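Summary of structural features
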Amino acid sequence: MTRPSRPRAQRFEGAIAGVGTTSGVRLVVGRWHTSPLGSFADVMVATASGHRLLLAPSDEVASFVGATYHFDEVRVEPCEARLSTAGWRVRSDSLDLDLAVGGRTLLGTALRAVPPRLAGSPAWSTLTDPVARVVLRGVRTRGSAGSGRREYYGALDHHAVLAVSASLDGVDLGGLAPVSPPPDFGFSSTPARPSVTTVVSTVVLPR
């Protein structure tokens, strides 16, 4: 029996947290409640030296994310991102990360004015990409991903991150800092200001 082919457009709904630390380590956490891979969390880490690490909860997630972005190292290990009273609590074998999340930003207020169905569409991401390039350094809402894929980011909301507590492989990462320089995982970065963005990511596979 022939295995059904995967649909070309893969839609991921959730939120992305992007933070920098005073150690120079930058972290991007994906907390996905709806996706073709089920509900999961993954973490992309860029060290001060530029080493790019992916923490993924399964081989399937590691394979998909690793084919879409660029990493020097991939670790498959239990990984979870849960909401806490202060914000986010992220845990894996390698990483302990707590984020204090603040109120909605002005950008978030503007994003909320767009109907969610429109804001999450690839057509809207195509329209907003030139604006994002100018307003938010390093941020793109559409572009070429790895393995011949195309990706579209539709932002629905935006909140500031106020504080971070983190350790990687048992080493404390210091306090909160901008996500700068942008981590080189793919064509786009999170905003330089530490934040949580509610997002729809659509990855279009090649034919």
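Now for a quick tour of the structure. (Residues numbered from 1 in each chain as written. Predicted model: local features only at pLDDT ≥ 70, side-chain atom pairs only at ≥ 80, totals over all residues. Heavy atoms only, no water.)

Another point: the layout of surface pockets. There is about 860 Å³ of room inside the largest pocket. If you trace the largest pocket, you find 43 residues lining it, with Val139, Arg140, Tyr153, Ala155 and Val199 closest to the centre. Counting only elements with at least two residues in the lining of the largest pocket, the list comes to strand E1 (9-21), strand E2 (26-34), strand E3 (40-46), helix H1 (59-68), helix H2 (106-112), helix H4 (122-135), strand E10 (150-168) and strand E13 (195-204). Residue classes in the lining of the largest pocket are distributed as 27 nonpolar, 13 polar and 3 charged. Empty space within the second largest pocket amounts to approximately 230 Å³. Here the lining of the second largest pocket is composed, by residue class, of 6 nonpolar, 7 polar and 1 charged. (1 Å grid on protein atoms, 1.4 Å probe; cavity = no way out; pocket = protein on both sides within 12 Å on 5 of 7 lines; lining within 4 Å. Points joined across faces, edges and corners; volume = space filled by probe spheres on them. Helix = DSSP H or I, 4+ residues; strand = E, 2+ residues; numbered from the N terminus. Nonpolar A, V, L, I, M, F, W, Y, C, P; charged D, E, K, R; others polar.)

A few words now on the pairing of strand E5 (residues 73-76). Two elements, strand E4 (residues 52-56) and E5, share 4 bridges in a ladder whose sense is parallel. For Ala56, the partnering residue across the bridge sits in E5 and is Val76. Tracing the backbone out of E4, into H1 and back to the parallel element E5 gives a crossover that is right-handed. (Pairing = 2+ DSSP bridges. Right-handed = clockwise from strand over helix to strand, strands pointing away.)

Where E1 lies against E2, 8 bridges are found, and the strand directions are antiparallel. Across the sheet, Ile16 pairs through a bridge with Gly30, a residue of E2. Between the antiparallel neighbours E1 and E2 lie 4 residues, among them Gly24 with a positive phi of about 95 degrees. Pairing between E2 and E3: 7 bridges, direction antiparallel.

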